[in-house]
Every structure is written in structure tokens, then in C-alpha cells.
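The chain contents come next:
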Amino acid sequence: MALLEIQGLRTYFKTQEGTLQAVDGIDFNLDKGQALGLAGESGCGKTTAALSIMKLLPANGYIAGGKINFMGQDMARVTGDKLRAIRWRDISIIFQGAMNALNPVKRVGEQIIEPIILHEKVDEEVALKRVKELFEMVGINPSRIREYPHEFSGGMRQRVMIAMALACKPRLVIADEPTTALDVMIQAQIIALLKSLQKDLDLAMIVISHDLSVLAETCDVLAIMYAGKIVERAPAGEVFYDPHHPYTRGLIAAFPNIHGEKKMPASIAGNPPNLINPTKGCRFYDRCFMKQDICKTKEPPLVEIKPGHWAACNFVPPMKG
Ligand SMILES: Nc1ncnc2c1ncn2[C@@H]1O[C@H](COP(=O)(O)OP(=O)(O)O)[C@@H](O)[C@H]1O
Ligand SMILES: [Mg+2]
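As the structure is a prediction and not an experimental result, all values here were calculated from the model.

Peer 1: Break down the overall build of the protein for me, with residues and values.
Peer 2: Counting its regular elements, the protein contains nine helices and 12 strands. Its C-alpha radius of gyration of 20 Å places the protein within 12% of the 20 Å reference for a compact globule of 321 residues. With respect to the principal axes defined by its C-alpha atoms, the protein has extents near 65 × 45 × 45 Å. When burial is assessed residue by residue, the protein has 41% of its 321 residues classed as buried.

Set out below in C-alpha cells:
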């Protein structure tokens, strides 16, 4: 059994203009020790998918359908203390921009000790020892635990956040845009750190990024999202060397870009559709270079096109047999 099974997950937001279908029927499994990358342009639903798994949606967000099964439990039914325990001990999340969310008036060590004492029910001495180990693990000199957040650089603060995410030895870590706010050199260091921790600790990880190069380095499997749906899902190498969906092909064609620029390729100019009352047909229709009339009305399902490689396009033929 997979550690995490997501089936047909739909997460919607109530807004003044209507119901916004932010995540609209996504499926994937994640095994112990496996890293899955969620990629796609800003607004395609990556963060919403992550928050759904953690049950940390804002008040106007709700799970409209589907299943989230984590370690054999139906997350829809987990509430209260049990949910709080899962959140730190079994699943942890490194939020987008979290490194700027450290409490400025508390020493960094204290900020990690607290959840350890609370969730592991250990005394302060044991917790302190654990924080020192964690700091070593993430490459911060343990002597710095008494410093305040402002004494750390951006990259070092992100290491603190990673240490915090690992504090209670979770099985699954979700990292939402873990390097987006950092400059390029530091990004590479943080990616290398995440990758080595994932292997050393046999962690399952969901890495979310709009930047494919981040995911290429860290993930075993990639899921490409577009307008609330997964349009392609395959082992990471396959996505890069044999992309099938026209959206993925556009993304990959622009990568790696010799100028080091990270912009949307010309072949997929335009913007994603509005997710309030989206079209019944293919959501990529407006931007697709392969589109035909049928795509206006026929929504392509995600089908297996070769073993382990799935795509959702009316013109990518499914595997035979
Ligand atoms: N609290 C909210 N209320 C209404 N719409 C939201 C809310 N949060 C996110 N959205 C919308 O949901 C969609 C998906 O957003 P998000 O999951 O943040 O995308 P990503 O992480 O891929 O950039 C976007 O259209 C966004 O505007
Ligand atoms: Mg996001």
C-alpha cells in the first residue's frame, strides 16, 4: 500500500464571483522514500493540493470530492487532536516563503524545541539535544541555536525551516516552493540539502515548484498541473526526455534555456483559463498548438500512454491492450 493515495481530489473555493475549482480531480500515489514533484504555472492549484492533504485550507476552501488516504487513514475523517498529531509527527510542510515567518523575537532554537516537547512529550534536555542534531543535519552550526532569526541569512533561515519540518521525524514532507525566494547559488545548496535528507532519512517528499529545474534535481516522479488538473504524470526522466502533453512539451522545450531565463515559452503564450465555471472541454484549449474542434467539448481524461506514464490529451493515444 502506498504511503499516500490521492484519488479524484477536488478542492474548491467559495468566492464572490462563484465557486473556483482550484483542484479539480487529481490522482497520484506516493510511496515511502519517494519524491514527487508538482509543477505548473502560478495559480494551477499546487499549493491548494498541498493544503488539502494537510487539511489546512483557508475558511472559504473545502474538499468537494475525492479521497486522501494517508498511512491507511482517510484524511477526510481525521479531526481534532488526531489531526494535529498527524500534522507534525507524520506530515510536515515547509510553506512558501516560510523562512520569513519565523518569530523575530524568539531564538531559533526555542522555535523548534517547542513543537518537539509538545508532540514528542519529551523534556527540554532531550528536545535540545534533538535540535542540535537537526541543526547539524541541515548544515547549521549547533552553536547558533541561541541566535535570533535576523542573525541568519535567507538561506540559513530556510535551513532552520527544514530543521523544523524534520523535528518530529515525519514520514512525509511537503516543500512548497522551497527555494523560490532565494538567490540562485543558495537555491542550489538548499536543493542539494533536501535531496540528501530525503535519501538519508528515506523520506517521502512532495516538492512543489513552478521551476522545473528544481524538480529535475529532487524528484523521482513528476506531475505537471494545468488549471487544477494533472495533465501529465511520469517518472521524472521520462517527463524531460519524452514529454507527451502539448503543455509539458512547451515547458520542456524551454528547458534548459541557454540564457538561463525562466520564462514561458512562446509556444504556450497566453494565460490559464478562469477556474470559476471553466470550459467543459480541455482547459488547455486556448493555448494549445495541437487543438482540434473536439477539444472544445471533450475533456481529455488522464490515461496511461505507456507503463507508468500518464497524459491527458485528446490527441495522445492511450497504451494498447
Ligand atoms: N483563499 C482563496 N480563495 C479563493 N481563491 C483562492 C484562494 N487560494 C487560492 N485561490 C485560487 O486557487 C487557484 C490555485 O491557487 P494555488 O493553489 O495557490 O496555485 P499555485 O500554488 O499553483 O500557484 C488560483 O486560481 C488562486 O487564485
Ligand atoms: Mg503556490
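Having seen it, we continue.
Peer 1: I'd like a description of the site of ligand 1, backed by residues and values.
Peer 2: Around ligand 1 lies a shell of 16 residues, among which Phe13, Ala22, Lys46, Thr47 and Thr48 are the nearest. Elements represented by at least two residues in the shell around ligand 1 include exactly strand 1 (4-15), strand 2 (18-30) and helix 1 (46-54). The element that contributes the greatest number of residues to the shell around ligand 1 is helix 1, accounting for three residues. Per-class residue counts for the shell around ligand 1 are six nonpolar, nine polar and one charged.

Peer 1: For the pairing of strand 2, give the residues involved together with the corresponding values.
Peer 2: In the sheet, strand 1 pairs with strand 2 via nine bridges, with the strands oriented antiparallel. Across the sheet, the residue bridging to Leu4 is Leu30, located in strand 2.

Peer 1: Describe the sheet that holds strand 10 (residues 229-235), with residues and values.
Peer 2: Ordered in space as 6-7-8-3-9-10-12-11, the eight strands form an open sheet in which the pairing is mixed. One side of each edge strand has no neighbouring strand; the edge strands of this open sheet are strand 6 (91-94) and strand 11 (303-306). Strand-to-strand twist across the sheet, computed as the mean angle between neighbouring axes with direction ignored, equals 20°. As judged from the five bridges shared by strand 7 (residues 172-176) and strand 8 (residues 204-209), these two strands associate in the parallel manner. Note on strand 8: the bridge partner recorded for Asp176 is Ile208.

Peer 1: Provide a residue-level description of the sheet that holds strand 2, including the pertinent values.
Peer 2: Within the open sheet, the four strands sit side by side as 2-1-4-5. Their pairing is antiparallel. Looking at the sheet topology across the chains shown, the edges are occupied by strand 2 and strand 5 (73-74).

Peer 1: Talk me through the pairing of strand 9 (residues 221-226); I want residue IDs and the actual numbers.
Peer 2: Most of strand 9 is tucked away, with six of its six residues classed as buried. Of the two faces of strand 9, the one carrying Val221, Ala223 and Met225 and the one carrying Leu222, Ile224 and Tyr226 are both buried. Sheet analysis places strand 9 next to strand 10, joined by six bridges and oriented antiparallel. For Met225, the partnering residue across the bridge sits in strand 10 and is Ile230. Counted between consecutive antiparallel strands, the loop separating strand 9 from strand 10 contains two residues, among which Ala227 sits at a positive phi close to 50°.

Peer 1: Requested: an account of helix 4 (residues 124-137), with residues and values cited.
Peer 2: The terminal C-alpha atoms of helix 4 lie 20 Å apart, and with 14 residues this matches the ideal 20 Å at 1.5 Å per residue to within 8%. Looking at helix 4, one finds that the buried residues are Ala127, Arg130, Val131, Leu134 and Phe135. End-on view of helix 4: buried residues confined to an arc of 140°, all on one side of the axis. In helix 4, those exposed residues whose orientation departs by more than 90 degrees from the buried face are Glu125 and Glu136. For helix 4, the secondary structure elements touched by its buried residues are helix 3 (108-120) and helix 5 (154-166). Just past helix 4, the residue Gly139 takes up positive phi, approximately 80°.

Peer 1: Before we move on, could you go through unusual backbone geometry and cite the residues and values that matter?
Peer 2: Generally, phi is negative for residues other than glycine and the peptide bonds are trans, each holding for most cases. Unusually for a residue other than glycine, Lys55 sits at a positive phi of about 55°. Counting through the fold element by element, Lys55 comes out in the loop between helix 1 and strand 4 (61-70). In this structure, Ala227 is a non-glycine residue whose phi angle is positive, near 50°.

The rules behind each value
Residues numbered from 1 in each chain as written. Chains lettered and ligands numbered in written order. Predicted model: local features only at pLDDT ≥ 70, side-chain atom pairs only at ≥ 80, totals over all residues. Helix = DSSP H or I, 4+ residues; strand = E, 2+ residues; numbered from the N terminus. Rg over C-alpha atoms; globule rule 2.2 N^0.38 Å. Buried ≥ 20, exposed ≤ 12 C-beta atoms within 10 Å, placed from the backbone. Near = placed C-beta within 6 Å. Nonpolar A, V, L, I, M, F, W, Y, C, P; charged D, E, K, R; others polar. Pairing = 2+ DSSP bridges. Axes fitted to C-alpha atoms, helices over the stretch in contact; angles between N-to-C directions. Expected span 1.5 Å × (residues − 1). Arc of directions from axis to C-beta. Contact = placed C-beta atoms within 7 Å.

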